[in-house]
Amino acid sequence: MKYLKLGARLLLALLVFSCKEEPKKVIKTAPIAFTKEGELTVYKAETDSVRTRFDIEIAETDYETQTGLMYRTSMGEKEAMLFIFPDVAMHSFYMKNTEIALDLVFIDEQLRIASFQQNALPLDETGLSSQVPVQYVLEINAGLVEKWQMEIGDRLEFVRQ
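Everything quoted here is computed from the prediction, not taken from an experiment. (Residues numbered from 1 in each chain as written. Predicted model: local features only at pLDDT ≥ 70, side-chain atom pairs only at ≥ 80, totals over all residues. Heavy atoms only, no water.)

## Quick word on the pairing of strand 1 (residues 38-43)
Of all the six residues making up strand 1, five are buried; the element is thus mostly covered by neighbouring parts of the structure. Direction of pairing for strand 1 relative to strand 2 (residues 50-59): antiparallel, over a ladder of six bridges. Paired with G38 across the two strands is I56, which belongs to strand 2. Hairpin connection from strand 1 to strand 2: six residues lie between these consecutive antiparallel strands, with D48 at a positive phi of about 60 degrees. Looking at chain direction, strand 1 and strand 9 (residues 155-160) are connected through six bridges and run antiparallel. Counterpart to T41 in the pairing with strand 9 is E157. (Buried < 20%, exposed > 50% of the residue type's maximum accessible area, 1.4 Å probe, protein only. Helix = DSSP H or I, 4+ residues; strand = E, 2+ residues; numbered from the N terminus. Pairing = 2+ DSSP bridges.)

So this is what it looks like as structure tokens:
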């Protein structure tokens, strides 16, 4: 009987300790570095004077456009990502796995600003629509649309390196 009680206690202890959840492991990855692939200039619509310039990383493959700035923890003020789509259409973005607050600048096929989504919140999965058909999207740090006073109708030019 003594051994039976001891065995029951050991079995109970094994069950209690084996059912404990392992703490979740956080996997750290190396930061994704910005890769300058070109330059983009924003011109005022009414005067054609320069509003600002950005170094750009270009996203145009399916993988690049689906991933965008996901998993990045920072971006310089003069850095941006330009998405180039093969078609003019309504495009929608979300901030899943994106840790940087962003302004999204939606650009038509004539390289004119067509609409904005400002101050997109990090990690938010709410859809952010272009609201009109566009072919390009420029992602910049949140607050820069306001800082550079960008407006619908402003013209953009970009060159690849």
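Moving on from the model shown.
## Some details on unusual backbone geometry
Although it is not a glycine, Y71 adopts a positive phi angle of roughly 70 degrees. For Y71, the position within the fold is in the loop between helix 2 (62-67) and strand 3 (79-89). Here Y71 falls in the partly exposed class, since its relative accessible area comes to 45%. Positive phi values are uncommon outside glycine, yet L111 reaches one of about 60 degrees. With respect to the helices and strands, the residue L111 is situated in the loop between strand 5 (102-107) and strand 6 (113-120).

## Focus on the nonpolar core
Among the nonpolar cores identified, the biggest contains 19 residues, and F54, V105, L138, I140 and M150 are the most heavily contacted of them. Discounting residues that sit within four places of it in the chain, V105 has contacts with I113, S115, F116, Y136, V137, L138, I140, V145 and M150. Counting 17 residues, the second largest nonpolar core, distinct from the first, contains M75, F83, M95 and L128. (Core = buried A, V, L, I, M, F, W, Y, C linked by side-chain atoms within 4.5 Å. Contact = heavy atoms within 4.5 Å.)

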